Amino acid sequence: MTGSRIVALGHYQPAKVLNNEDLAKLVDTSDEWITSRVGIRTRHVAGPDEPVDELAAHAGAKALASAGLTPADIDLVLVATSTAIDRSPNMAARVAARLAMASPAVMDLNVVCSGFTHALATADHAVRAGSATRALVIGADKMTEVTDWSDRSTCVLVGDGAGAAVVEATEAADGGFAGEQAGAIGPVLWGSLPEMGHAVLIEGTPPRFAQVGQSVYRWATTQLPPIARKVCERAGVTPEELAGVVLHQANLRLIEPLAQRIGAVNAVIARDVVDSGNTSAASIPMAFSKLVERGEIRSGAPVLLFGFGGNLSYAGQVVRCP
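These lines cover the structure that appears in this document, whether it is placed above or below. (Residues numbered from 1 in each chain as written. Predicted model: local features only at pLDDT ≥ 70, side-chain atom pairs only at ≥ 80, totals over all residues. Heavy atoms only, no water.)

**Let's talk about the pairing of strand β5 (residues 105-109)**
Moving residue by residue along a regular strand, the side chains alternate between the two faces of the sheet. What counts is decided by this rule: Pairing between strands is defined by DSSP: at least two bridges between the two strands are required. Helix and strand assignments come from DSSP, with helices taken as H or I runs of at least 4 residues and strands as E runs of at least 2, each series counted from the N terminus. Convention used here: a crossover is right-handed provided that the path from the first strand, over the helix, to the second strand proceeds clockwise when the strands point away from the viewer.
Bridging between strand β4 (residues 76-80) and β5 involves five bridges; their strand directions are parallel. Following the sheet pairing, valine 77 is matched in β5 by valine 106. In this view, the connection linking β4 to its parallel neighbour β5 by way of helix α4 (residues 91-98) has right-handed handedness.

Next comes the structure, spelled out in structure tokens:
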């Protein structure tokens, strides 16, 4: 077994929707102000009785059902999140318990907005090394729980949700990627700018989300395009060959210029941020799952997944659409 592939995807969002007009009743803002600056119109908000692991378990269950698998088929659970309040049991263990899994390895990864692409790479590595046969990889965050609702620069951005992928081993000699095997996962390129870690924060008691928006915007639009192009190079595809681009759904005014500078001129660009807001680690798998569910990208076509944000970290890989 020399490669891995994404078998299926799933996503979940809480039922409650908060639109821009609702926010205007809480803080000095307006629909025009929000849409002109960040492009967001609505976001989903989890209630106090909807913890992160519940969101994650719903997305995971949907991915398993789509794959035609049962929880017993999974031997590794990875949950990317930065909004887990409790230390133990971790989110992965709680998800495994909710789904009645037998004895999977359970790990959380906190790389904030690039958490899912880090977790997907970790699952790929574990499967390639033979230490796992099937992994459930989830990005889930409840950003509204760490938000200062009096700060209009951040409260207009956030939403809650979860997205999941089922990853399994493949016996294709090249890992299935060059052969366009549906779901095949290309090599990751990841890194960070640790001296700029203060640009995105979730800290304090109670923890609160804050960021230096202009610093993050400049870094993302100037430093990340060549890195994203190198991700494509590692996978053996050109940006022009990409059928889809799923970037971290931070801000529509950031996503569009970044996709343009990458050179993905023929790709479907995920714009789920308009309806879901910034859901941190959930944003990439949730947006990808919706594109696949709507049939907007053909099976086997190359899709760039690229996460970036907190720690000024990034991780990206090109995958074949399942």
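**Focus: the layout of surface pockets**
Note the threshold: A cavity, in this analysis, means grid points on a 1 Å lattice covering only the protein atoms where a 1.4 Å probe fits yet has no way out; a pocket is instead an open set bounded by protein on both sides within 12 Å along at least five of seven lines, and a residue lines either one if it has an atom within 4 Å of a point. Grid points are joined across faces, edges and corners, and a volume is the space filled by probe spheres set on the points. Three categories are distinguished: nonpolar for Ala, Val, Leu, Ile, Met, Phe, Trp, Tyr, Cys and Pro, charged for Asp, Glu, Lys and Arg, and polar for the others, with Gly belonging to the last.
Here the largest pocket defines a volume of roughly 470 Å³. Looking at the largest pocket, it is lined by 24 residues, and the ones nearest its centre are Val38, Leu157, Gln211, Gly213 and Asn251. Elements with a contribution of two residues or more to the lining of the largest pocket: α2 (31-37), α6 (152-155), β10 (208-211), α7 (213-235), α8 (252-262) and β13 (302-309). Residue contributions to the lining of the largest pocket peak at four residues, all from α7. Class assignment of the residues belonging to the lining of the largest pocket gives a composition of 12 nonpolar, nine polar and three charged. Estimated volume of the second largest pocket: approximately 200 Å³. Along the walls of the second largest pocket sit Thr81, Ser82, Thr83, Ala84, Ile85, Arg87, Asp108, Asn110, Val146, Ile202, Glu203 and Pro207, which together make up its complete lining. For the lining of the second largest pocket, the per-class residue count stands at five nonpolar, four polar and three charged.

**Considerations on the sheet that holds strand β12 (residues 268-269)**
Reading across from one edge, β8-β14-β13-β11-β12 is the order of the five strands in this open sheet, with mixed pairing throughout. The open sheet is flanked by β8 (189-192) and β12, the only strands paired with a single partner. Two elements, β8 and strand β14 (residues 313-320), share four bridges in a ladder whose sense is antiparallel. The residue bridging leucine 189 from the neighbouring strand is glycine 316, located in β14.

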